[in-house]
Amino acid sequence: MNRDFNLGSLQKNKEWDVAIIGGGATGLGIAVDAANRGFKTLLVERSDFAKGTSSRSTKLIHGGVRYLQNGDISLVIEALRERGILRKNAPHLVRDLSFVIPSYDWWSSPFYGFGLKVYDMMAGKLGLGPSTLLDKQETLDHIPNVNKKGLRGGIIYHDGQFDDARMAISLALTATKEGATLLNYAEVKSFMKDDGLINGLCFTDIINKKDYKIKAKVIVNATGVFSDQLIKLDQPNAKPMIRPSQGVHLVLEKKFLNGPYAIMVPHTSDGRVLFAVPWNNYVVLGTTDTPISKTSDEPTALKKEINFILRNAGNYMTKKPKISDVKSVFAGLRPLAASENKNEPTKEVSRHHKVTVSTSGLVSVLGGKWTTYRKIAEDTVNTIQTVGGLTEKKCNTEEIHIFGYDQNTDWQNPIHFYGIEAKKIKALSKDGNKSLSEKIYITKNQILWALREEMAITLEDILARRTRCLFLDSFETEKIAEEVVMIMANEMKKNNTWVNQELKTFKSLVKNYKI
């Protein structure tokens, strides 16, 4: 991806078939699908790709055991099918992860065992492995740090794991390969209309401080928790369509799991499930479900959310995590599609997606989850074809390999998520393959690749999303920030003023990831 080249494409194309606003999982998925169907596709994102919700998940590609518990069978079936498709098309990004549910009651193992057998059955041929009952010793062998007092046994089941931000960047590269034009740091300011129907948009290139106007046959609002802002930009009196909730995750050292298996805690004090998931030599603990009234690009974890996670995780761990053990904390906002029942707890609001069309023709995508991004995109592009009067074409994304596809992925390789591109990265420079940190893996060659091939612009882009340093260990990331920004400045030919501003901005940002 080359940003300057993509900006040049705006001069060449007088009218686009599809203009997508939003560069998260949903928008990028739509760009892949629309471009593959042969539509002239433009995507604009006001920040960086996956800046918001799409980089702040629990890192799971899953059917949703909790949704099965809530009786949302159709969502579970859809998600399990999509999980299998994604595992097939992105073997370098999605892998099987085994979860253990510890049991402290005589009835728990049979109860969850039966439910998970149903879960396996729903997955069918796309299943990742059968669930199995474990005795007490087998449970301890799988998750050594589990609380032993009263432990009777457990159940092991299988779901998928991925790196959300890296998946988003890979989708952006896939969309580019399919012919789409993508721009980050491009903020939509207004819509253009003809006889009350939307036929274009005006946006500002934040980097170069330049305004653009483009025409499009159909415009898609894929901005997640910010969807209502665009809907009101189109129709000021529109009712709110999104009911956001906040999910918080804490990151600990790997010793708190001491093994390759994840823990799923089936009962927390608020009725949700809680996960402890191994990820990049660390452990992710989460998540919460807190209704919020204001949306933000950088949501902040509440003290009560942090305490909730530590307390509930501690109930199931021999070595109990404390605030001083937290290496990073990150918060994400869920773009839940508002239901008729305004008093319904957000943890019970369906994760199903909706595709709506306003009277002016704005297509808005509401709700959904990472696992089902491909199906969301398929449904949206089907709608786009009708709204924009485009030639109807069949969806092919079930068979499209995600950029970097590598069937022989070595998951022990710290840069496995680049897939077949990993060799090119290693070859960029002879001295660029040594990690800049002993705790988190990041190399000079990764930084160069992100700048040259992945449209990274800022220090945050590099440390938060092209690599996951900030999300893994905020303290260590702050230590290496200056070395990283100097590599960037040398490659981008930036002066000391730029360097100092980037460091100042980043140091302010890091505070949100510390407790």
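Structure shown above.
Notes on the structure in this doc start here. (Residues numbered from 1 in each chain as written. Predicted model: local features only at pLDDT ≥ 70, side-chain atom pairs only at ≥ 80, totals over all residues. Heavy atoms only, no water.)

Thoughts on the overall build of the protein
- A tally of helices and strands in the protein yields 16 helices and 18 strands.
- The C-alpha atoms of the protein give a radius of gyration of 23 Å, which matches the 24 Å a tight globule of 515 residues would have.
- Burial statistics for the protein: of 515 residues in total, 61% are counted as buried.
- Placing the 72 positive and 57 negative side-chain charges of the protein at their respective mean positions leaves the two points 3 Å apart. (Helix = DSSP H or I, 4+ residues; strand = E, 2+ residues; numbered from the N terminus. Rg over C-alpha atoms; globule rule 2.2 N^0.38 Å. Buried < 20%, exposed > 50% of the residue type's maximum accessible area, 1.4 Å probe, protein only. Lys, Arg positive; Asp, Glu negative; His and termini not counted. Charge placed at Lys NZ, Arg CZ, Asp CG, Glu CD.)

Focus on unusual backbone geometry
- With omega at 15°, the peptide bond leading from G286 into T287 counts as cis.
- Within the chain, M455 stands out as a residue other than glycine whose phi angle is a positive 60°.
- Residue position: M455 is located in the loop between α12 (444-453) and α13 (459-466).
- Judged by its relative accessible area of 2%, M455 falls in the buried class.
- Positive phi outside glycine occurs at K493, with the angle close to 60°.
- As for its placement among the helices and strands, K493 is situated in the loop between α15 (474-492) and α16 (496-510).

Here's the deal with the nonpolar core
- Formed by 50 residues in total, the largest nonpolar core has its most connected members in V18, I30, M167, L182 and V220.
- For this core, the secondary-structure elements that each account for two or more residues are β1 (15-21), α2 (25-36), α7 (164-177), β10 (210-221), β18 (363-367), α10 (373-387) and α11 (422-426).
- Excluding anything up to four places from it in sequence, M167 contacts L86, A90, L93, V94, F162, W370 and I402.
- Counting 35 residues, the second-largest nonpolar core is a separate cluster that includes I440, I447, V484 and W498. (Core = buried A, V, L, I, M, F, W, Y, C linked by side-chain atoms within 4.5 Å. Contact = heavy atoms within 4.5 Å.)

Notes on the pairing of strand β4 (residues 94-103)
- In terms of residue burial, β4 counts as a mostly covered element, since eight of its ten residues are buried.
- Judged from the two bridges that link them, β4 and strand β12 (residues 262-265) form a sheet pairing that is parallel. By the bridge assignment, V100 is partnered in β12 with I263. (Pairing = 2+ DSSP bridges.)

Let's talk about the pattern of salt bridges
- The tally for this structure, following the rule as stated, stands at 34 salt bridges.
- We note a salt bridge from E491 to R452, for which the minimum N-O separation is 2.9 Å. Of this pair, E491 sits in helix α15 while R452 sits in helix α12, placing them 39 residues apart in sequence.
- According to the relative accessible area criterion, R452 is partly exposed, its value standing at 38%.
- Residue R465 is joined to E460 by a salt bridge in which the shortest nitrogen-to-oxygen separation is 3.0 Å.
- Beyond isolated ion pairs, a larger network of salt bridges with shared partners links D48, K51, R56, E298, E460, D461, R465 and R466. (Salt bridge = Lys/Arg side-chain N within 4 Å of Asp/Glu carboxyl O.)

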